[in-house]
Amino acid sequence: SGLSSAENDAEDINTFLEKVGFETKLLLSPGLRDIIKSVSDFKEGVDSDTVSVVYFAGHGLQIESTNFLVPVDAKISISEEIPYFCFNASDLLINTTVESDNLHIVILDSCSNNPFPSGIRGVKSGLARMTAPVGTLIAFSTSPNMAANEKTGERNSLYTKHLLRELNVPNSSVERIFKNTRTRVIKESNGRQIPWEESSLH
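Not measured: the values here are computed from a predicted model. Each residue is numbered by its place in its chain's sequence as written, counting from 1. Reporting of local features is limited, given that this is a predicted model, to residues whose pLDDT is at least 70; pairs of side-chain atoms are given and counted only at 80 or more, and all residues count toward the totals for whole chains, interfaces and linings. The side-chain numbers reported here are obtained from all heavy atoms of the structure, hydrogens and water having been left aside.

1. Examining the overall build of the protein
Item 1. Within the protein, the regular secondary structure consists of five helices and eight strands.
Item 2. Listing each helix as α and each strand as β along the protein from the N terminus yields α-α-β-β-β-α-β-β-β-β-α-α-β.
Item 3. Computed over the C-alpha atoms, the radius of gyration of the protein is 16 Å, within 12% of the 17 Å expected from 2.2 N^0.38 for a compact globule of 202 residues.
Item 4. Its C-alpha atoms put the protein at 50 × 40 × 25 Å along the principal axes.
Item 5. Between buried and exposed lies partly exposed: a residue is buried under 20% and exposed over 50% of the maximum accessible area for its type, with that area taken using a 1.4 Å probe on protein chains only. A buried classification covers 47% of the 202 residues belonging to the protein.
Item 6. Looking at the protein as shown, the accessible area adds up to about 10,700 Å², and 49% of this sits on carbon and sulfur atoms.
Item 7. Charge counting follows a simple rule: Lys and Arg are positive, Asp and Glu are negative, and His as well as the terminal groups are ignored. Lys charges are placed at NZ, Arg charges at CZ, Asp charges at CG and Glu charges at CD. Across the protein, the 19 positively charged side chains and the 26 negatively charged ones have centroids separated by 9 Å. Elements are defined by DSSP. Helices are runs of H or I of four residues or more, strands are runs of E of two residues or more, and each kind is numbered from the N terminus. The reference for a compact globule is 2.2 Å times residues^0.38; the radius of gyration itself is calculated from the C-alpha atoms. For every accessible area listed, the method is Shrake-Rupley and the probe measures 1.4 Å; residues are considered covered only by the protein chains on display.

Given below as structure tokens:
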């Protein structure tokens, strides 16, 4: 609830990836089993020397510095249930060797507010820092422990709107795309939302 643009964001990123030649799979409002199965299939399909992308739009949260993504069927009443009914964001990462030429990009456009009923203790706002394995870039829509802005009335979230704009600029490097996205989001939000990345690209 409360994320009116999330499906639009996912659809628009999927459309861009298809346009530039990626083989894609789009999940709209998936349950936990759908996410687990799709991530497993995705990892099995990643060969050597592959560029791969995972994009998530939706609710995310952290418990004791571990980030979780919230599936549509998560029915949570106490914080101890979160690791069992939400998806651990670290499971999106792929461990590769230094010799590998794989490039793995994980983009988390997470609202980062507590999406559960009031009274659940231990849930912190925002997402925690994550360590990017070699050959990986993790992009977050906002800074650690901060909630992203949700602008109503627009097709896309503030972050994904500017990310899509930068993705469509010809001949931009990966680093330049995310740097320019950050600059635009900071400007439009008057400094209230600052995207960030963890990178081990080589």
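2. Observations concerning the environment of Ser100
Item 1. Mapped onto the elements, Ser100 comes out in the loop between β4 (87-88) and β5 (103-110).
Item 2. Between the C-alpha atom of Ser100 and that of Ser200, which follows or precedes it by 100 residues, the distance is 13 Å.

3. With respect to the side chain of Gln193
Item 1. Looking at where Gln193 falls in the secondary structure, it is placed in the loop between α5 (174-188) and β8 (196-199).
Item 2. Here a polar contact means two N or O atoms within 3.5 Å. Within protein one must be a hydrogen donor candidate and the other an acceptor candidate, and residues neighboring in sequence count only if both atoms are side-chain atoms. A distance of 2.8 Å separates a polar atom in the side chain of Gln193 from the backbone oxygen of Ser141.

4. Focus: the packing of helix α4 (residues 158-167) against α5
Item 1. As a rule, the C-alpha atoms of each element are fitted with a line to give its axis, helices using only the stretch in contact, and angles between N-to-C directions run from 0 to 180 degrees. Packing of α4 against α5 leaves a shortest axis separation of 9 Å and a crossing angle of 140°. One element, α4, and the other, α5, form an angle in the oblique class. For the pair α4 and α5, the sense of crossing is right-handed. Two secondary-structure elements touch here, α4 through Leu158, Tyr159, Lys161, His162, Leu163, Arg165, Glu166 and Leu167 and α5 through Ile177, Phe178, Asn180, Thr181, Arg184, Val185 and Glu188.
Item 2. We call Asp, Glu, Lys and Arg charged. Ala, Val, Leu, Ile, Met, Phe, Trp, Tyr, Cys and Pro are nonpolar, and the rest, Gly among them, are polar. Per-class residue counts for the contact of α4 with α5 are seven nonpolar, three polar and five charged. For this classification, under 35 degrees means roughly parallel, over 145 means roughly antiparallel, 65 to 115 means roughly perpendicular, and everything else is oblique. Crossing chirality is assigned from the near helix's rotation relative to the far helix, an anticlockwise turn below a right angle marking it left-handed and a clockwise turn marking it right-handed. Throughout, a residue-residue contact means that at least one pair of heavy atoms, one from each residue, lies within 4.5 Å.

5. Brief notes about unusual backbone geometry
Item 1. Despite not being glycine, Ser65 has its phi angle at roughly 70°, a positive value.
Item 2. With respect to the helices and strands, Ser65 occurs in the loop between β2 (60-63) and β3 (66-69).
Item 3. Phi angles above zero are rare outside glycine, and Asn171 is one such case at about 60°.
Item 4. Among the structural elements, Asn171 can be located in the loop between α4 and α5.

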